[in-house]
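Here's the letter readout for the chains.
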Amino acid sequence: MAAAVAEAPEPWPEVDLVEREQRRELLLTGPALEDRVRAAGGRLPPRVFSLSLLHSLEVCGCASLREPGPGLARGLPRLRSLGLRGNALGPALNPELGPLPALRVLDLSGNALEELPPGSGLGPAEPPALPQLQSLNLSANRLRALPAELARCAPRLQSLNVARNRLSALPAELFALQLLSELAAADNELQELSPAVAALPALKTLDLANNQLSEIPGELADCPKLKEINFKGNKLKDKRLEKMVNGCQPKSILEYLRVGGRGKGRGKTDGSEKEESRRKKRERKQKKESCEGEEEEVEEVNKLLIRILHVSENPTSLTVKVNPVVKDVRPYIVCAVVKGMNLRPGNALKRFLSMQTKLHEDICEKRTAATIATHDLKLIKGPLLYGAQSPQELKIVPLGRKEIKAKDLVRQLQLEAEEQRKQKKRQNVSGLHRYLHLLDGKEFYPCLVDADNVVISFPPITNSEKTKIKTTTSDLFLEVTSATSLQICKDIMDTLILKMAELNKFISENKEEQSLSDTEADGVSSPSLKSDQNAEKDGSSPLIVEQVRVVDMEGTLKVLYPSKTDLDITASHITIIR
């Protein structure tokens, strides 16, 4: 009987490279990773856990990865950063992660975790499994509860993100984290915020938006360093407080809580404190007499207004045609036009770009789920064509670069990435270089082309310098593309527009000096500036969202955004005018 021939092990060139050059960082991602992890039984190969010099391990976007695999804690004692986002880990961690004595950053976002019980979670509490951990991201999972041992397991935790889970409560033990400065728990099912939140002396940022809170404890005002709070989307019993969380600055909200609110105070205010509260109220009344008689108007102004302009109302609406050649490359695209942004004051443009970057990192899962592109509408000539071209044919003027062919751009970025790795002795890279793996194995690259046959977008890599957003930009063309699903594009577009509306309102309420360079100010007339300033004073001007049709080459409708089912936002601080 012939001897069975052993199957050759799956190649892991990334591991070979790190092993050979004794690198400190390992990044595993891209389409080829799926098959290799599946062949390894849904886990990482044991070889990874023999790289004892590793400081950083990142494995992302692999739907086959159900568990890290045994040996992680024992084999990687020097690990400082562990990123396992956008995989299929769950329902628990088996085996548990810790102990990892040097770990400072842990990202488990975008998985399928339902629980983190002792023995199948982050590690033991005694002694602490993660004694140096500073940042923990558990967002976008299915967690119904956080482990009570978390504070003992990671006593030095500074940032905790548990947004977009199914949490109904935060464990009381969580408020023992003396160094916790950032707590994000938006989009859960939280019904209560414990007064014990006052025991967090380092807390600076608290985001509990879109939960089921009915009250905010007055003790929150006792957090000495608290600067940023978000309670939007909660139906509070105190309607005045609900209006305030949807339209006022954190300082005003905390002051309101500090003096006991209206109707239900803390029950501990002595006579002198009450008298001081009355005195301050009288002063505010004298100072803002004109505002006291306009409470209902203030309520409306404090709401975010988004008006949808239908195709039937807009004869000049943009249309995007889709060439079928893009079907096998990056088939899904959703577009919209947004008018009325004010990016002139102070750091408005920087805030806008930062917001877009955060969305790419979070809900776009570092561009693996989808990519956002924003353009100056006045620099675009329609109709647009979404298609694909060979790397040798596709030409673009990338942001901050000269015109170049796509194949040369990708090669240039690869060389820059390699240079970064050599200089920093690390495998992870920054900027556009992080997304090159998304093009692996593609014979054609996706692109969006205007009526002048100019490529304005090359997703998921870059936009064109031609349509770059500036401080003078007020009308924007938005696109979201994905290789995964149309619904992901729509969900991300919904979130993008909501964030733009919130940013626009923030900019109008926080008066900053105009920040126009000479170049950017060219062509901007005085009447235009005055009208923008008047709009700021009014504060109630809605953001206009114009529908954009995506059609096939014969003109048959494929996608209309926003449709009746899009931007279906129930939050109390938003009004959608359809």
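A quick note: this is a predicted structure, and the numbers were derived from the prediction, not measured.

Draft legend 1. Representation of the confidence of the model for the chain within the structure. Overall, the prediction assigns the chain a mean pLDDT of 82, with 82% of residues at 70 or greater. Low pLDDT, under 50, characterises residues 289–301; the predicted model gives this stretch seven contacts beyond four residues in sequence or across chains. A low-confidence stretch, residues 518–539 (pLDDT under 50), is modelled with 24 contacts involving residues beyond four sequence positions or located in other chains.

Draft legend 2. Looking closely at the packing of aromatic side chains. Within this structure, the stated rule accounts for one aromatic pair. With centroids separated by 5.4 Å and ring planes inclined at 25°, the aromatic side chains of Tyr-445 and Phe-458 adopt a geometry described as stacked. Separated by 13 residues along the polypeptide, Tyr-445 in strand E17 (residues 445–449) and Phe-458 in strand E18 (residues 455–458) bring together distant segments of the chain. What makes Phe-458 buried here is its relative accessible area of 0%. Just above the ring of Trp-12 sits the side chain of Arg-36; from NZ or CZ to the centre is 4.5 Å.

Draft legend 3. Quick peek at the side chain of Glu-546. Secondary-structure assignment places Glu-546 in strand E21 (residues 543–546). A polar contact of 2.9 Å, which involves the side chain of Glu-546, links it to the side chain of Lys-339. The residues touching Glu-546, leaving out its near neighbours within four places in the chain, are Leu-309, Asn-314, Ala-336, Val-337, Lys-339, Tyr-561 and Pro-562.

Draft legend 4. Unusual backbone geometry, seen in detail. In this structure, Pro-95 follows Asn-94 across a cis peptide bond, with omega equal to 0°. Among the structural elements, Pro-95 can be located in the loop between strand E3 (81–83) and strand E4 (105–107). In this structure, Pro-460 follows Pro-459 across a cis peptide bond, with omega equal to 5°. Located in the positive-phi region is Gln-22, a residue other than glycine, with phi close to 50°. Checked against the element boundaries, Gln-22 lands in the loop between helix H1 (13–21) and strand E1 (25–28). Here Asn-453, not a glycine, exhibits a phi torsion of approximately 65°, which is positive. Topologically, Asn-453 is positioned in the loop between E17 and E18.

Draft legend 5. A look at the pairing of E17. Of all five residues that make up E17, five are buried, and the element is covered over most of its length. Going residue by residue along E17, you find Tyr-445, Cys-447 and Val-449 tucked away on one face and Pro-446 and Leu-448 tucked away on the opposite face as well. Alignment of strand E14 (residues 384–389) against E17, held across five bridges, turns out to be antiparallel. Counted as the bridge partner of Ala-388 is Pro-446 from E17.

Draft legend 6. Examining empty space enclosed by the protein more closely. A complete count under the given rule lists one cavity of 30 Å³ or more for this structure. Approximately 30 Å³ is the volume attributed to the largest cavity. Taken together, the residues of the lining of the largest cavity sort by class into one nonpolar, three polar and three charged. Here the lining of the largest cavity spans two domains, since at least three of its residues come from each of domain 1 (14–189) and domain 2 (304–389 + 448–508 + 540–576).

Draft legend 7. Structural detail: the pairing of strand E13 (residues 371–376). Taking burial as the measure, the six residues of E13 include six buried ones, the bulk of the element. Burial along E13 is two-sided: Thr-371, Ala-373 and His-375 and Ile-372, Thr-374 and Asp-376, pointing in opposite directions, are all buried.

Draft legend 8. Seen up close, the sheet that holds E17. Strand order across the open sheet formed by seven strands is E19-E18-E17-E14-E11-E22-E23, with mixed pairing between neighbours. Edge positions in the sheet fall to strand E19 (462–463) and strand E23 (557–561), since each of these pairs with one other strand and no more. Where strand E11 (residues 319–322) meets strand E22 (residues 548–552), four bridges bridge the pair, whose relative direction is parallel. Within E22, the position partnered with Lys-321 by the bridge is Val-551.

Draft legend 9. Structural view of the packing of helix H5 (residues 239–247) against helix H6 (residues 250–258). Axis separation between H5 and H6 bottoms out at 9 Å; the angle between their running directions is 160°. Viewed along their axes, H5 and H6 adopt a mutual orientation that is roughly antiparallel. Considering only the axes of H5 and H6, their crossing is left-handed. When H5 is examined against H6, the residues Arg-240, Leu-241, Met-244 and Val-245 are found in contact with a partner set consisting of Ser-252, Ile-253, Tyr-256 and Leu-257.

Draft legend 10. Focus on the state of the cysteines. Applying the stated criterion across every chain, the model contains zero disulfides. Take Cys-364: it sits in no disulfide, and the sulfur closest to it among the cysteines is that of Cys-489, at 9.0 Å. Since its relative accessible area comes to 0%, Cys-364 is described here as buried.

Draft legend 11. Main features of helix H2 (residues 31–39). Three or more residues of H2 are buried, namely Leu-33, Glu-34, Arg-36 and Val-37. Among the structural elements, H1, E1 and strand E2 (56–59) are those in contact with the buried residues of H2.

Draft legend 12. Representation of the packing of helix H10 (residues 348–361) against helix H12 (residues 486–509) within the structure. The N-to-C vectors of H10 and H12 enclose an angle of 155°; their axes lie 11 Å apart at closest approach. When the axes of H10 and H12 are compared, the pair comes out roughly antiparallel. Both H10 and H12 take part in a crossing whose hand is right-handed. Here Ala-348, Arg-351, Phe-352, Met-355 and Leu-359 of H10 come into contact with H12, specifically with Thr-495, Leu-496, Lys-499, Met-500, Leu-503, Phe-506 and Ile-507. Residues belonging to the contact of H10 with H12 are distributed by class as follows: nine nonpolar, one polar and two charged.

Draft legend 13. Main features of the pattern of salt bridges. Overall, the coordinates contain 19 salt bridges when judged by the stated rule. Two residues, Arg-36 and Glu-14, come together in a salt bridge whose shortest N-O distance is 2.9 Å. With a gap of 22 residues between them, Arg-36 in helix H2 and Glu-14 in helix H1 connect regions that are remote in the sequence. Arg-36 sits in the buried class, given a relative accessible area of 7%. Overall, Glu-14 belongs to the buried group, its relative accessible area being 17%. We note a salt bridge from Lys-468 to Glu-465, for which the minimum N-O separation is 3.9 Å. For Lys-468, a relative accessible area of 37% gives the class partly exposed. Taken together, the shared-partner salt bridges in this structure form one network comprising Asp-16, Glu-19 and Arg-47.

Cut-offs and rules
- Residues numbered from 1 in each chain as written.
- Predicted model: local features only at pLDDT ≥ 70, side-chain atom pairs only at ≥ 80, totals over all residues.
- Heavy atoms only, no water.
- pLDDT = per-residue confidence, 0-100.
- Contact = heavy atoms within 4.5 Å.
- Phe/Tyr/Trp six-rings, centres within 6.5 Å; stacked < 30°, edge-to-face > 60°.
- Helix = DSSP H or I, 4+ residues; strand = E, 2+ residues; numbered from the N terminus.
- Buried < 20%, exposed > 50% of the residue type's maximum accessible area, 1.4 Å probe, protein only.
- Lys NZ or Arg CZ within 6 Å of the ring centre and 35° of its normal.
- Polar contact = N/O pair within 3.5 Å; in protein donor to acceptor, adjacent residues only side chain to side chain.
- Pairing = 2+ DSSP bridges.
- 1 Å grid on protein atoms, 1.4 Å probe; cavity = no way out; pocket = protein on both sides within 12 Å on 5 of 7 lines; lining within 4 Å.
- Points joined across faces, edges and corners; volume = space filled by probe spheres on them.
- Nonpolar A, V, L, I, M, F, W, Y, C, P; charged D, E, K, R; others polar.
- Domains from an automatic or database assignment.
- Axes fitted to C-alpha atoms, helices over the stretch in contact; angles between N-to-C directions.
- Parallel < 35°, antiparallel > 145°, perpendicular 65-115°, else oblique.
- Left-handed = near helix turned anticlockwise from the far one by under 90°.
- Disulfide = S-S within 2.5 Å.
- Salt bridge = Lys/Arg side-chain N within 4 Å of Asp/Glu carboxyl O.

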